[in-house]
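One letter stands for each residue in the lines below.
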Amino acid sequence: MKTSNPVLARLGQAAERERSAGYAPTGPYGQPGIPQQYPSQAGYPAAPPTVAPMTVDDVVVKTVALLGVLGITAAAAWVLVPDALLGLVWGGAAVVGLVLGLIISFSRMANPALVIAYAVVEGVFVGIVSKAFETFYDGIVLQASVASFGIFFVMTIIYKAKIIRATPVFVKVVTSAIVGLAAVMLINLVLALFGINTGLRDGSPLAIGFSLVCIVVASLSFVLSFKEIEDGVRMGLPQRYSWVAAFGILVSLVWLYIEILRLLSYFQGDDD
């Protein structure tokens, strides 16, 4: 299976490695897969090992678990981090989260501990960002949370109803948009460090339009994840890769939440 989501791009390759290594994934009802040639010892044939395949339920459970970890660490960061250290912790969590995210995205092995560590770091980041926004705009965190999960569930329903299909053209367009937006945000961040304002994050009409584009693309990225999870289940990926699939959904949810938080703040900026 050829994947296009940069977060889940290694899943198809992982399945091929499992097969080439001689593992036979069990079928959907527990029956063994197609027997292959396995090494033997002392002249006796070795029994083929089996690997439980990933299921949609596995991904759901892992996603809920990661969201729980993120929520707990976000609440802890909100309460425990003093106001004087908000900026330092915010920046540190952002950098560490980016590094962990890149490692998970491009590594060749599914590592649950690394994925959970990412959820912890992102929880700290989300907690600090939320606290900062809530300080200036009362009630904005609840609004952004409801909107984020609302969009996620709507996209789930839309995908299940086949209203939006992950066609090759759709995949290319959304993937290109994600890469393009990531590049623009990185350049904007670097310019901001040198005191250059591009107008993308200052509440101007341009900033509002940019956040709307990010929200739309983040929402559509769920379709890519749903399709690749569905394909991964169909081709019998090992169960541990459900952690990687859950990680992909978590990344999109955090991105969506932060962009909605920004957008809502633009419309509340004149209330104080």
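Just so it is clear, the structure is predicted and the values come from calculations on it, not from any experiment. (Residues numbered from 1 in each chain as written. Predicted model: local features only at pLDDT ≥ 70, side-chain atom pairs only at ≥ 80, totals over all residues. Heavy atoms only, no water.)

**Here's the deal with the packing of helix α5 (residues 140-160) against helix α7 (residues 205-234)**
Here is step 1: Axis separation between α5 and α7 bottoms out at 10 Å; the angle between their running directions is 50°. Taken together, the axes of α5 and α7 lie oblique to each other. Both α5 and α7 take part in a crossing whose hand is right-handed. Contacts from I151, F152, M155, T156 and Y159 in α5 reach I215, S219, L220, F222, V223, F226, K227 and E230 in α7.
Here is step 2: Classifying every residue of the contact of α5 with α7 by side-chain character gives nine nonpolar, two polar and two charged. (Axes fitted to C-alpha atoms, helices over the stretch in contact; angles between N-to-C directions. Helix = DSSP H or I, 4+ residues; strand = E, 2+ residues; numbered from the N terminus. Parallel < 35°, antiparallel > 145°, perpendicular 65-115°, else oblique. Left-handed = near helix turned anticlockwise from the far one by under 90°. Contact = heavy atoms within 4.5 Å. Nonpolar A, V, L, I, M, F, W, Y, C, P; charged D, E, K, R; others polar.)

**Remarks on unusual backbone geometry**
Here is step 1: One non-glycine residue, K162, lies in positive phi territory at about 60°.
Here is step 2: Among the secondary structure elements, K162 is positioned in the loop between α5 and α6 (168-193).
Here is step 3: K162 sits in the partly exposed class, given a relative accessible area of 49%. (Buried < 20%, exposed > 50% of the residue type's maximum accessible area, 1.4 Å probe, protein only.)

**What about the packing of helix α2 (residues 56-80) against helix α4 (residues 112-136)?**
Here is step 1: Where α2 meets α4, the axes come as close as 7 Å, and the angle between the chain directions of the two elements is 45°. Between α2 and α4, the angle falls in the class oblique. In this structure, the crossing between α2 and α4 has a hand that is right-handed.
Here is step 2: Each residue belonging to the contact of α2 with α4 can be placed in one class, and the counts come to 13 nonpolar, four polar and three charged.

**Some points on the confidence of the model for the protein chain**
Here is step 1: Averaged over every residue, the pLDDT of the protein chain is 83; the share at 70 or more is 79%.
Here is step 2: Across residues 1-9, confidence stays below pLDDT 50; counting only partners more than four residues off in sequence or on other chains, it has 26 contacts.
Here is step 3: When the criterion is pLDDT under 50, residues 22-48 qualifies, and its contacts beyond four places in sequence or with other chains add up to 33 contacts. (pLDDT = per-residue confidence, 0-100.)

**Brief notes about the pattern of salt bridges**
Here is step 1: Scanning the entire structure with this criterion turns up five salt bridges.
Here is step 2: K227 is the partner of D231 in a salt bridge, and the nearest nitrogen-oxygen pair spans 2.6 Å. Note that D231 and K227 are positioned in helix α7 at a spacing of four residues, about one turn of the helix.
Here is step 3: With relative accessibility at 11%, the residue D231 sits in the buried group.
Here is step 4: A salt bridge links D231 to R234; its shortest N-O distance comes to 2.6 Å. Highlighted residues: D231 and R234, both in helix α7, separated by three residues, approximately one helical turn.
Here is step 5: Within the structure, one salt-bridge network assembled from shared partners comprises K227, E230, D231 and R234. (Salt bridge = Lys/Arg side-chain N within 4 Å of Asp/Glu carboxyl O.)

**Description of a nonpolar patch on the surface**
Here is step 1: On the surface, L186, L189, V190, L193, F194 and I196 cluster together into a nonpolar patch covering about 650 Å² of accessible area.
Here is step 2: Residue position: L193 is located in helix α6. (Patch = residues over 30% accessible without salt bridge, like charges linked within 9 Å, V, L, I, M, F, W, Y side chains within 5 Å. Areas by Shrake-Rupley, 256 points an atom, 1.4 Å probe, with all protein chains shown as cover.)

**Observations regarding the side chain of S130**
Here is step 1: Structurally, S130 is set in helix α4.
Here is step 2: On the basis of relative accessibility, which here comes to 3%, the residue S130 falls in the buried class.
Here is step 3: Here the side chain of S130 touches V126 through a polar contact of 2.7 Å, landing on its backbone oxygen. (Polar contact = N/O pair within 3.5 Å; in protein donor to acceptor, adjacent residues only side chain to side chain.)

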